[in-house]
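Chain and residue survey
If you want the building blocks of each chain, they are given just below.
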Amino acid sequence: MKRIAIFASGTGTNAARIMEHFTDHPALQVALIVCNKPQAGVLSIAAVHKVDTLLIERDRFFSGDGYVAVLQEKKIDWIILAGFLWKVPLSLLQQFKGHIVNIHPALLPAFGGKGMYGERVHEAVLVAKEAESGITIHFVDEEYDHGATIFQARCPVLSNDSVNSLAARIHALEHQHYPRVIEELICR
Ligand code: GRF
């Protein structure tokens, strides 16, 4: 059984889909939700799914062991980022080499990098008058939104799109693909 930790700091809709997808899965289990915000919606979703949670603090994450010891104790094999905004420290990158995955709400390498998250991404896509946008699932390395691409899916950007309507279309794509891509990657 492979054990994954989902790192999420927001609403947690992707985390929810992943937990649903892997409920009673024979080969993969969501063993932990890691979060840096005590009020994040993802924590109550974890409680519903009876998944353990770990609230992390900046100092230990960036200047200590990056919580490597806790993740080892919990026998975590893979880290899945789903709306986690802190940069992953070297301690974790080294310990989980090639086993950390992120999802970005645009077609990387466009519209990625430091500060490009949430509504800002969709705003930039609209300002650039792109004909399409999409999602990128990729490995995590030392740079924001930079590691090798695992999967992309595209959707149109409509002429009357707002940030909200585009965000909703992108979120639907994420929910459709992220759990399946994780499954194929880890269980292959
Ligand atoms: C998603 O759009 C994802 O691409 C980005 O953060 C967002 C998280 O949304 N990395 P949610 O909390 O899963 O709804």
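Right above here is the structure, for reference.
Residues numbered from 1 in each chain as written. Predicted model: local features only at pLDDT ≥ 70, side-chain atom pairs only at ≥ 80, totals over all residues. Heavy atoms only, no water.

**Comments concerning the pairing of strand β5 (residues 100-104)**
Keep this limit in mind: Residue burial is assigned from relative accessible area. The probe radius is 1.4 Å, only protein chains are included, and a residue is buried under 20% of its type maximum, exposed over 50%, and partly exposed in between. A run of DSSP states H or I qualifies as a helix once it reaches four residues; a run of E qualifies as a strand once it reaches two. Both are numbered from the N-terminal end. A pair of strands is considered paired only if DSSP assigns at least 2 bridges between the two. Viewed with both strands pointing away, a crossover whose connecting path from the first strand over the helix to the second turns clockwise is right-handed.
Within β5, five of the five residues are buried, leaving the element largely enclosed by the surrounding structure. Here β5 shows a buried face lined by Ile100, Asn102 and His104 and a second buried face lined by Val101 and Ile103. As defined by bridge partners, strand β4 (residues 78-81) adjoins β5 across two bridges and the pair is classed as parallel. Note that in β5 the partner of Ile79 across the bridge is Ile100. Once the chain exits β4 it traverses helix α5 (residues 90-95) before rejoining the sheet at β5, and the crossover so formed is right-handed. Summarising the sheet, β5 and strand β6 (residues 132-139) pair through four bridges and their orientation is antiparallel. Counted as the bridge partner of Asn102 is His138 from β6.

**Notes on the packing of helix α6 (residues 119-127) against helix α7 (residues 163-187)**
The condition that has to hold: Each axis is a line fitted through C-alpha atoms, and for a helix only the stretch in contact is used; angles between axes span 0 to 180 degrees, taken between their N-to-C directions. Note on angle classes: values under 35 degrees are labelled roughly parallel, values over 145 roughly antiparallel, values of 65 to 115 roughly perpendicular, and the remainder oblique. Note: crossing handedness is left-handed where the near helix turns anticlockwise from the far helix by less than a right angle, and right-handed where it turns clockwise. By definition in these notes, contact holds between two residues if any of their heavy atoms fall within 4.5 Å.
In the contact formed by α6 and α7, the axes pass within 9 Å of each other and the chain directions differ by 110°. Between α6 and α7, the crossing angle belongs to the class labelled roughly perpendicular. Judged by the twist between their axes, the crossing of α6 over α7 is right-handed. Together, Glu119, His122, Glu123, Val125 and Leu126 of α6 and Val163, Asn164, Leu166, Ala167 and Ile170 of α7 make up the contact between the two elements.

This is a description of form; function is not addressed.
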